[in-house]
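Summary of the model geometry
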Amino acid sequence: MDRYRDNPAALRALVRETEVHRDVYIDPEVFDLEMRHLFAETWVYVGHASQLPEPGDYLAATVGYQPLLVVRHSDGSIHVLYNRCPHKGTRITTEPCGNTGKFFRCPYHAWSFRTNGKLLSIPLKKGYEHTGLEEAEAVEGLRPVANVHVYRDFVFVKLNEGGQSFEAFFGESLSSIDNMIDRSPEGRLVIEGAPLRYLHGCNWKMLVENQTDTCHPMVAHESSAGTAVSVWEREQVEGAKRPMAVEVYSPFMSSYEFFEGMGIRVWPNGHGHTGVATSIHADYSAVPGYMEQMTASYGEERARRILDENRHNTVYFPNIMVKGPVQTLRVFIPLAADKTLVESWTFRLVGAPDMLFERTLMYNRLINAPTSIVGHDDLEMYERAQEGLRADANPWVNLQRLYQPGERHDVTEVINGTSERQMRNQFHAWVSFIGSSMERQPAGA
Amino acid sequence: MSSIAPQDLIDFVYREARLLDELDYEAWLNLFTEDGRYWMPAEWRQTDPLLQSSLMYEDRLLLRVRVERLSGARTFSQKPKSRAQHLLQAPQIDLFEPDAGAFRTWTSFHYVETRNDVQTLYAGWATHDLVLLEGTLKIKLKRVDLLNFDAPHGNIQLFM
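It should be emphasised that the depicted structure is a prediction, and the values quoted were computed from it without experimental measurement.

1. So, the overall build of chain B
Per the secondary structure count, chain B includes 3 helices and 7 strands. Along chain B, helices (α) and strands (β) appear in the sequence α-α-β-β-α-β-β-β-β-β when read from the amino end. Taken over the C-alpha trace, chain B has a radius of gyration of 16 Å; the compact-globule value for 160 residues is 15 Å, and the two agree within 12%. C-alpha extents for chain B along the principal axes are approximately 45 × 35 × 30 Å. Here chain B, with 160 residues, has 52% of them falling under the buried criterion. A fraction of 55% describes how many contacts in chain B between residues 6 or more apart in sequence connect residues 24 or more apart. Only carbon and sulfur atoms are counted for the fraction: they give 51% of the accessible area of chain B, which is about 7,500 Å². Looking at chain B, you have 18 positive and 23 negative side-chain charges, and the mean spots of the two groups are 7 Å apart.

The following block contains the structure:
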């Protein structure tokens, strides 16, 4: 039975001021609408320019249901194309990334395309003479997506025509990406190291919400971070320096008061971040030589300002999280209502000491890997929620912590760090972008 | 052991797998040298555990954290507990230098981890760098290369 398709009003009724209906997490029809509308109406991250250093370099991306190719053209520009031959629909590339040379060549009938998608040649072309091919859609080549924006090497697309501009969609929230880039003495990041890929048996939004959930670490991670702290306290050799791994784990056991004081900043359109005044990343040991490099590049005052900004998790709605002080980016890729692939990527700060990249990689494997004990704690909770939501006892999920009547979603504000406001902010954006896309193009993309 | 024979290395690798299958983690941890490491690369033919992406690269402190966590009262991802089983091909000896006290074996394996109603099969190769310490073989480095290191995995909670 179609309850939500062609029914924006029913979809909108799933999100209340302080609670959301369980169908946002478990209903396959709602999931289908997300794929067709939410991921078409918002600016979605598809990759980083450092993954495409040479002309002809490409990578595969999926936005909603759409298979895409992100490619560096011969003139240096970045193009994003649908990964579909205009002839028979064959996927042009299947590898996650590679170099195609000067052109793409379909492996089925050898139609070939320039790296900006334009049709280059068709074998035995005389077979199309007087057939009117020039009028056919196929002659246009690999279709580009409607909107591409490269912001300081971060590549975003918006599949729908119309809707919000890149600048309007992200606004001031880009400051978190800026801070991560500014942490390089040369002002440049490169993606390095294989991404850690982790399959989750839960809805993708549970993961996004958890990025700004500061009331779970001391509870859910008592088993991992708590054990790390107690083992270190018991086994440390007197006078020994706290190892990097213990520095990574132990702040997860910070008190409620610490997280309250950390603060949360919300931005319009569902973006927001934890860690305004301080964060769990603020007390890492200094890396020898780094401050000197930063001072030489930026001057002491600006260098300090950059490094004193210790934002914890920045959620870019709908589905990425950026961690500036650690230089990681996580993408929450929805596969089904109850299945999510998480890819956790690592950046090297160009020109900075190796030890910073070592810490980035260590953080990623300790916290974001399928072998991560912190990850095990979290996934257990998501999967239990996915199961528990089947109970008919109460169809509503509560997001009420530190709610204030009349709360607005079109403002930038700093609030108590244990507020669930950023989750409410996300759901407001969720319902608003799906709704506007459904109303403009009811059938979907 | 006063002198090491090739068969001792092979026996060691089998015994190590058995300790893991029997969930005897205290005995298993004691197989490592003080500076021993357990490494699970995340890249093909990886050479660097620190500046390339790994799934695990852990010293005894971190391994002990894992072991204690597995039996913790509030370790919810172990309610119910996981179990593991190794199927090893005969270990091959890649390095045998008794005078230097340095040995290396290479073992192809299938590994099964199970919890609740879900059982998952992993395949790969284990490389053991072993040393002789006061007459006893110890693990300096256990390297586990998964066949599908690049695939998206669900929870891997125990040790391969």
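2. Quick look at the sheet that holds strand E11 (residues 154-158) of chain A
All names here are of chain A. Strand order in the open sheet formed by 3 strands is E2-E11-E10, and the pairing between neighbours is antiparallel. Only two strands of the sheet have a single partner each, and these edge strands are strand E2 (44-48) and strand E10 (147-151). Direction aside, neighbouring strands of the sheet carry axes that sit 25° apart on average. Most of the contacts of helix H5 (residues 175-182) go to E11, to which it runs at about 160°, and overall it touches E10 and E11.

3. A closer look at the interface of chain A and chain B
On the side of chain B, 34 residues touch chain A, which itself brings 37 residues to the contact. Taken together, the connections running from chain A to chain B amount to 5 salt bridges. One salt bridge in this structure joins Glu-68 of chain B and Arg-234 of chain A, with 2.6 Å as the shortest N-O distance. At the junction of chain A and chain B, the tally comes to 16 residue pairs in polar contact (both at pLDDT 80 or more). For the side of chain A that touches chain B, the secondary-structure elements that each account for two or more residues are strand E13 (196-200), helix H8 (222-235), helix H9 (244-249), helix H13 (354-368) and helix H14 (373-388) of chain A. Looking at which element gives the most residues to the side of chain A that touches chain B, the answer is H8 of chain A, with 9 residues. Taken together, the residues of the side of chain A that touches chain B break down into 20 nonpolar, 6 polar and 11 charged.

4. Here's the deal with the confidence of the model for chain B
Residues of chain B with pLDDT of at least 70 account for 99%, and the chain-wide mean is 97. Both scores are available for the predicted complex, with the pTM at 0.97 and the ipTM at 0.97.

5. Quick notes on the pairing of strand E7 (residues 136-146) of chain B
Residues and elements named next belong to chain B. Burial runs high along E7: 8 of the 11 residues are buried. Bridge count between strand E1 (residues 32-41) and E7: 4 bridges; the pairing is parallel. Note that in E7 the partner of Phe-32 across the bridge is Ile-139. In this antiparallel pair of consecutive strands, strand E6 (residues 118-133) and E7, the connection spans 2 residues, and Glu-134 shows a positive phi of 50°.

6. Observations concerning the nonpolar core
Grouped together as the largest cluster of nonpolar side chains are 88 residues, with contacts concentrated most on Phe-154 and Trp-430 of chain A. At 8 residues, helix H15 (residues 421-440) of chain A tops the list of elements feeding residues into this core.

7. Notes on helix H1 (residues 6-21) of chain B
Residues and elements named next belong to chain B. Helix length check: H1 (16 residues) gives 24 Å between terminal C-alpha atoms against 22 Å at 1.5 Å per residue, within 8%. Buried within H1 are the following residues: Leu-9, Ile-10, Phe-12, Val-13, Glu-16, Ala-17, Leu-19 and Leu-20. Each element contacted by the buried residues of H1 is listed here: helix H2 (25-29), strand E3 (83-88), strand E4 (92-97), strand E5 (102-115), E6 and E7. Phi turns positive one or two residues past the end of H1, at Leu-23, with a value near 60°.

8. A look at the pattern of salt bridges
Within the structure shown, the criterion is met by 40 salt bridges over all chains. For Arg-64 of chain B, the salt bridge identified is with Glu-26 of chain B, shortest N-O distance 3.1 Å. Highlighted residues: Arg-64 of chain B in helix H3 (residues 60-70) and Glu-26 of chain B in helix H2, separated in sequence by 38 residues. Taking relative accessible area as the criterion, Glu-26 of chain B reaches 41% and is therefore assigned partly exposed. Via salt bridges that share partners, Arg-234 and Glu-235 of chain A together with Glu-26, Arg-64 and Glu-68 of chain B belong to a single interconnected network.

9. Describing empty space enclosed by the protein
Within this structure, the stated rule accounts for 4 cavities of 30 Å³ or more. Of the pockets and cavities examined, the largest cavity occupies roughly 300 Å³. Secondary structure elements with two or more residues in the lining of the largest cavity: E13, helix H6 (204-210), strand E17 (320-323), H13 and H14 of chain A. With 4 residues, the top contributor of residues to the lining of the largest cavity is H14 of chain A. Of the residues that constitute the lining of the largest cavity, the class distribution is 11 nonpolar, 10 polar and 4 charged. In terms of lining residues, the second largest cavity is bounded by Val-13, Glu-16, Ala-17, His-86, Leu-88, Thr-107, Phe-109, Ala-126, His-128, Lys-142, Val-144 and Met-160 of chain B.

Here is what the cut-offs are and how they apply
- Residues numbered from 1 in each chain as written.
- Chains lettered and ligands numbered in written order.
- Predicted model: local features only at pLDDT ≥ 70, side-chain atom pairs only at ≥ 80, totals over all residues.
- Heavy atoms only, no water.
- Helix = DSSP H or I, 4+ residues; strand = E, 2+ residues; numbered from the N terminus.
- Rg over C-alpha atoms; globule rule 2.2 N^0.38 Å.
- Buried < 20%, exposed > 50% of the residue type's maximum accessible area, 1.4 Å probe, protein only.
- Contact = heavy atoms within 4.5 Å.
- Areas by Shrake-Rupley, 256 points an atom, 1.4 Å probe, with all protein chains shown as cover.
- Lys, Arg positive; Asp, Glu negative; His and termini not counted.
- Charge placed at Lys NZ, Arg CZ, Asp CG, Glu CD.
- Pairing = 2+ DSSP bridges.
- Axes fitted to C-alpha atoms, helices over the stretch in contact; angles between N-to-C directions.
- Salt bridge = Lys/Arg side-chain N within 4 Å of Asp/Glu carboxyl O.
- Polar contact = N/O pair within 3.5 Å; in protein donor to acceptor, adjacent residues only side chain to side chain.
- Nonpolar A, V, L, I, M, F, W, Y, C, P; charged D, E, K, R; others polar.
- pLDDT = per-residue confidence, 0-100.
- Core = buried A, V, L, I, M, F, W, Y, C linked by side-chain atoms within 4.5 Å.
- Expected span 1.5 Å × (residues − 1).
- 1 Å grid on protein atoms, 1.4 Å probe; cavity = no way out; pocket = protein on both sides within 12 Å on 5 of 7 lines; lining within 4 Å.
- Points joined across faces, edges and corners; volume = space filled by probe spheres on them.

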